[in-house]
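Each chain is listed here by its residues.
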Amino acid sequence: MKSLHRLLAITKKEVRQLRRDRLTFGMIVGIPVIQLLLFGYAINTDVRNLSTAIADQADTHLSRQFVSELRETQVVNIIRRVDTPDALVELLRRGEISVAVVIPPDFERRVIDPDRAAVHLLVDGSDPTISGVARQLQAMPIAFDTSVRPGRRDNIEVRAYYNPERRTPVNVIPGLMGIILTLTMMLFTAVAIVRERERGNLELLINTPVSPAELMVGKVIPYIVIGMIQLALILLVGDLLFDVPMRGSLADLYLAAAAFIAANLSLGLFISTAARTQFQAMQMTFFVLLPSILLSGFVFPFDGMPPFARYLGEILPTTHFIRLTRGIMLRDATLLELYPELIALGAFTAVALTAAALRFTKRLD
Amino acid sequence: MSGEFAIEAHGLSKHFGDLKAVSHLDLKVPRGQIYGFLGPNGSGKSTTIRMLCGLLTPTEGSATVLGTEVPGKAHDLKPKIGYMTQKFSLFGDMTVLENLQFIAEIYSFPTADRAARIDELLEKYDLVGQRRQLAGTMSGGQKQRLALACAVLHRPELLLLDEPTSAVDPQSRRDFWANLFRLAESGTTIMVSTHYMDEAERCHRLAILDRGVKVADGTPQQLQATTGMHIVEVLAEDPYRAQEALDRAEHVASVTQLGIRLRVLIPEQLQDPAALVRDHLESSGVVAEVRLTTASLEDVFVAVTMPATEEAP
Ligand SMILES: Nc1ncnc2c1ncn2[C@@H]1O[C@H](COP(=O)(O)OP(=O)(O)O)[C@@H](O)[C@H]1O
Ligand SMILES: [Mg+2]
């Protein structure tokens, strides 16, 4: 009972201090919104001059006209012409081009056939931006084709190579959720405790009957709530401005987020036991944040990374959370289906929390 | 809670790597007294206090604090001690009242008496007008009073105060000491570290620390009686030249300038120290008034912290 009261006293104090700390308070709201706007609008800017190769196997008047119209869109920059689709795949694989256009020999017949696509566009689907652009191209009408053919929507069929999931710009926001929570949760916790140390208050606190567990848990509770608020904020802005779908269950998403927040707070606590100054805490946070951005599958597709980077990525909570959010929000997966990711987050939390508790003694040496 | 000593330490040592911050310290602090810990910066005062409250693990030795073994069950000790850190740990972004309320909650001070106790402390430590002020915006003296109020809120048996007066003005220091005496009278044992001589003189007992070693302890009177030195006061028109003349002189253990006066320490076994000093000054052509006087605590401090090599034969 006394223990609970002490814990609540710590929480109350933390909330009180947070309320007066305008900068941190601003960051709670500011970081998610600004990041979301930055990333959200950055992915909406139209992409131009994608390196493109064409295999025009038809080589007719119509196909040449199509190619010149394609060029006029300025979205693609035709840098190579090859003879076979195989050569295109090879170029795509080597990364020399991002988009490949195949115009089959029977192009003219296909154009008037409602069941078959006239042109094949092969895109490097591992880059979410490029698959977004492919969508744009897909909708491009073939101008000369004025006849109305019911049941026919697209002239070009897109096959997202290397990416059966079809990443779209929407893909970025579920990932960004992981990055934002990593940054804020880890930083806030680490700084919250290191600040006490820096100001000499930790020396006072550990000389009171407060136990390390009471201190750590009490300090972390407000940040769990803050994490949940940030999540709601991201979902709201994502929905209002970017129309991010929420195909799975919201409850699942919040459960996943709770596991993820716990992992980050544990890591923040661990950092706080190692850092002596707020600046050091910040450095250590970024030491974890950078790989979380780069190796979690947020920026680069996870499967495309070398094995070593993949192993590193598997250690990071963000990797698992991004899989969870993409699964739940975009593919309507349930938590049960994604349980390995939850287990990974739980294991991470257990290890980090144990390490933090072992390091955080009520001593100074 | 038996035993006449609040703190008993035996051979307490703390090493930080090669640095021996505290070496083989023996201490006996009687209950209900103000025990001073005098020493220059870096002499190991804070380190000792931290070992006594269980914040640092001694490299060697042990201590019994209020009947509890240290290191060991420091946890049982926490509710019984009040600790004021060197930095006046306070929550600067909380008000005076909030700071006190937080401390009351942390120590599980009975809820029914909480408000009354806080009012009493605000009154006693002259903080009534500041109750809604953020602690961080207060003056040094006010912060110090709040830190003391926080340290005594739960009515600890033992108060450990680490250089509580090093950042406040003389008036605040006097008021602070008046408060300490009041607490001691009501039965609280107080251990206070300081580097001010005048504060050391007010303690019931004190220990002098020098580079981690206790070089003397006892009541101020005992210490003054046992310096092992004659104290000769020199009043010179040109104290700088007088000091120069005496620094080089044989049998002079130490010369300290205090304003226009010099205090010269001569080993006790020498006869007629005043004449000796007078002779030295005359031979250097310095005009000065010379007289024998009694030891102040400062002289004691100088005498006991003197490097061994300079000690007279
Ligand atoms: N955590 C620590 N690590 C290394 N050295 C320390 C540590 N704490 C204190 N010291 C050193 O121990 C010596 C005694 O320090 P301290 O007890 O703070 O002295 P005082 O309080 O008398 O000024 C100093 O030389 C100081 O630099
Ligand atoms: Mg000190």
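Residues numbered from 1 in each chain as written. Chains lettered and ligands numbered in written order. Predicted model: local features only at pLDDT ≥ 70, side-chain atom pairs only at ≥ 80, totals over all residues. Heavy atoms only, no water.

1. Structural notes on the overall build of chain A
Line of reasoning, step 1. Counting secondary structure elements, chain A contains 14 helices and five strands.
Line of reasoning, step 2. Considering chain A as a whole, with its 365 residues, one finds that 54% of them fall into the buried category.
Line of reasoning, step 3. Residue pairs in contact within chain A that sit at least 24 positions apart in sequence constitute 78% of those at least 6 positions apart.
Line of reasoning, step 4. When the accessible area of chain A is evaluated, it comes to approximately 16,900 Å², of which 62% is carbon and sulfur surface. (Helix = DSSP H or I, 4+ residues; strand = E, 2+ residues; numbered from the N terminus. Buried < 20%, exposed > 50% of the residue type's maximum accessible area, 1.4 Å probe, protein only. Contact = heavy atoms within 4.5 Å. Areas by Shrake-Rupley, 256 points an atom, 1.4 Å probe, with all protein chains shown as cover.)

2. Here's the deal with the domain arrangement of chain B
Reports of interface size often rely on the accessible area that becomes lost once the parts have come together.
Residue and element names in this part refer to chain B.
Line of reasoning, step 1. Looking at the assigned domains, one finds that chain B contains domain 1 (5-218) and domain 2 (227-310).
Line of reasoning, step 2. Relative to domain 2, the C-alpha centre of domain 1 lies at a distance of 37 Å.
Line of reasoning, step 3. Counting residues at the interface gives twelve residues for domain 1 and six residues for domain 2.
Line of reasoning, step 4. Together, the buried faces of domain 1 and domain 2 total about 740 Å²; carbon and sulfur atoms form 81% of this surface.
Line of reasoning, step 5. Inspection of the region where domain 1 meets domain 2 yields zero salt bridges.
Line of reasoning, step 6. At the junction of domain 1 with domain 2, the criterion picks out zero residue pairs in polar contact (both at pLDDT 80 or more).
Line of reasoning, step 7. Only α7 (197-202), β9 (205-210) and β10 (213-218) provide two or more residues apiece to the side of domain 1 that touches domain 2. (Domains from an automatic or database assignment. Buried area = accessible area lost by both parts, 1.4 Å probe. Salt bridge = Lys/Arg side-chain N within 4 Å of Asp/Glu carboxyl O. Polar contact = N/O pair within 3.5 Å; in protein donor to acceptor, adjacent residues only side chain to side chain.)

3. A short note on the environment of B:Ser172
All names here are of chain B.
Line of reasoning, step 1. Take Ser172: it is sitting in helix α6 (residues 170-185).
Line of reasoning, step 2. Note on Ser172: relative accessible area 11%, which makes it buried.
Line of reasoning, step 3. Measuring from C-alpha to C-alpha, the distance between Ser172 and Thr111 comes to 32 Å, with 61 residues separating the pair along the chain.
Line of reasoning, step 4. Not counting residues up to four positions away in its chain, the partners in contact with Ser172 are Gly141 and Gln144.

4. Brief notes about the pairing of strand β4 (residues 60-65) of chain B
Residue and element names in this part refer to chain B.
Line of reasoning, step 1. Both strand β1 (residues 5-16) and β4 contribute to a ladder of five bridges, which runs antiparallel. Note on β4: the bridge partner recorded for Glu8 is Thr64.
Line of reasoning, step 2. In terms of strand pairing, β4 meets strand β5 (residues 68-70) through three bridges, oriented antiparallel. From the neighbouring strand, Ala63 faces β5, where its bridge partner is Val70. (Pairing = 2+ DSSP bridges.)

5. A few points about a negative patch on the surface
All names here are of chain B.
Line of reasoning, step 1. Together, Glu237, Asp238, Glu244 and Asp247 make up a negatively charged patch on the protein surface.
Line of reasoning, step 2. Relative to the helices and strands, Asp238 is located in the loop between β11 (229-236) and α9 (239-247).
Line of reasoning, step 3. Exposure remark for Asp238: the relative accessible area of 33% places this residue in the partly exposed category. (Patch = residues over 30% accessible without salt bridge, like charges linked within 9 Å, V, L, I, M, F, W, Y side chains within 5 Å. Lys, Arg positive; Asp, Glu negative; His and termini not counted. Charge placed at Lys NZ, Arg CZ, Asp CG, Glu CD.)

6. Overview of helix α9 (residues 212-242) of chain A
All names here are of chain A.
Line of reasoning, step 1. With 31 residues, α9 should reach 45 Å at 1.5 Å per residue; the first-to-last C-alpha distance of 43 Å fits that figure.
Line of reasoning, step 2. In the structure, α9 departs most strongly from a straight axis at Ile221, where the bend amounts to approximately 30° and where the proline Pro222 lies between one and four residues downstream.
Line of reasoning, step 3. Once α9 ends, the next one or two residues include Asp243, with phi positive near 60°. (Expected span 1.5 Å × (residues − 1). Bend = angle between axes of the 7 residues up to and from the residue.)

7. Re the confidence of the model for chain A
Residues and elements named next belong to chain A.
Line of reasoning, step 1. Looking at chain A as a whole, its pLDDT mean stands at 82, while 86% of the residues score no less than 70.
Line of reasoning, step 2. Contacts of residues 143-153 to residues separated by more than four positions or lying in other chains number 16 contacts, the stretch itself having pLDDT below 50.
Line of reasoning, step 3. Taken as a whole, residues 160-169 scores under 50 in pLDDT and shows 30 contacts with residues more than four places along the chain or in a different chain. (pLDDT = per-residue confidence, 0-100.)

8. Remarks on the side chain of A:Thr273
All names here are of chain A.
Line of reasoning, step 1. Inspection of the secondary structure assignment puts Thr273 in helix α10 (residues 250-274).
Line of reasoning, step 2. Note on Thr273: relative accessible area 5%, which makes it buried.
Line of reasoning, step 3. A polar contact of 2.6 Å, which involves the side chain of Thr273, links it to the backbone oxygen of Phe270.
Line of reasoning, step 4. When near neighbours in sequence (up to four residues on either side) are disregarded, Thr273 contacts Arg197, Ala356, Arg359 and Phe360.

9. Structural notes on the sheet that holds strand β7 (residues 158-161) of chain B
Two strands in a sheet stick together by hydrogen bonds in their backbones, pointing the same way (parallel) or opposite ways (antiparallel).
Residue and element names in this part refer to chain B.
Line of reasoning, step 1. Pairing is mixed in the open sheet, where six strands are placed in the order β6-β7-β8-β3-β9-β10. Pairing within the sheet leaves two strands with one partner each, and these edge strands are β6 (81-84) and β10. Across this sheet, the average inter-strand angle for adjacent strands is 15°, counted without regard to direction.
Line of reasoning, step 2. Relative to strand β8 (residues 189-194), β7 is paired through four bridges, and the arrangement is parallel. Bridge assignment links Leu158 to a residue of β8, and that residue is Thr189.
Line of reasoning, step 3. Across the sheet, helix α5 (residues 140-152) touches β6 and β7, and the angle it forms with β6 is around 160°.
Line of reasoning, step 4. Running at roughly 35° to β9, helix α11 (residues 297-304) makes contact with β3 (34-38), β9 and β10 of the sheet. (Axes fitted to C-alpha atoms, helices over the stretch in contact; angles between N-to-C directions.)

10. Looking at the interface of chain A and chain B
Line of reasoning, step 1. Tallying the contact residues gives 26 residues for chain A and 29 residues for chain B.
Line of reasoning, step 2. Of the roughly 2,600 Å² buried between chain A and chain B, counting both surfaces, carbon and sulfur atoms make up 55%.
Line of reasoning, step 3. When the buried surface of chain A facing chain B is broken down by residue, A:Arg20, A:Leu204 and A:Asn207 rank first, second and third, together holding 24% of it.
Line of reasoning, step 4. Where chain A touches chain B, the interface holds five salt bridges.
Line of reasoning, step 5. A salt bridge links A:Arg199 to B:Asp93; the shortest N-O distance between them is 3.7 Å.
Line of reasoning, step 6. In this assembly, chain A and chain B are joined by eleven residue pairs in polar contact (both at pLDDT 80 or more).
Line of reasoning, step 7. Taken together, the elements giving at least two residues each to the side of chain A that touches chain B come down to α1 (2-20), α7 (172-198) and α8 (201-205) of chain A.
Line of reasoning, step 8. Top contributing element to the side of chain A that touches chain B by residue count: α1(A), with nine residues.

11. Some words on the packing of aromatic side chains
Line of reasoning, step 1. A complete count under the given rule lists five aromatic pairs over all chains for this structure.
Line of reasoning, step 2. Between the aromatic rings of A:Phe260 and A:Phe321, the centroid separation amounts to 4.2 Å while the plane-to-plane angle is 0°, which identifies the pairing as stacked. One end of the pair, A:Phe260, is in helix α10; the other, A:Phe321, is in helix α13 (residues 317-331), and 61 residues separate them in sequence. The same class applies to A:Phe260 as to A:Phe321, namely buried.
Line of reasoning, step 3. Relative to B:Phe102, the ring of B:Phe91 lies with its centre 5.3 Å away and its plane at 90°, an arrangement referred to as edge-to-face. (Phe/Tyr/Trp six-rings, centres within 6.5 Å; stacked < 30°, edge-to-face > 60°.)

12. Examining the site of ligand 1
Residue and element names in this part refer to chain B.
Line of reasoning, step 1. Taken together, the neighbourhood of ligand 1 is formed by Phe16, Leu19, Ala21, Pro40, Asn41, Gly42, Ser43, Gly44, Lys45, Ser46 and Thr47.
Line of reasoning, step 2. Within the backbone of Gly42, an N or O atom sits 2.7 Å from an oxygen atom of ligand 1.
Line of reasoning, step 3. Measuring from an oxygen atom of ligand 1, one finds a backbone N or O atom of Lys45 at 2.9 Å.
Line of reasoning, step 4. Protein contacts shield 63% of the accessible area of ligand 1, which totals 560 Å² for the unbound molecule.
Line of reasoning, step 5. For the shell around ligand 1, the elements supplying multiple residues, two or more each, are β2 (19-30) and α1 (45-52). (Near = heavy atom within 4 Å.)

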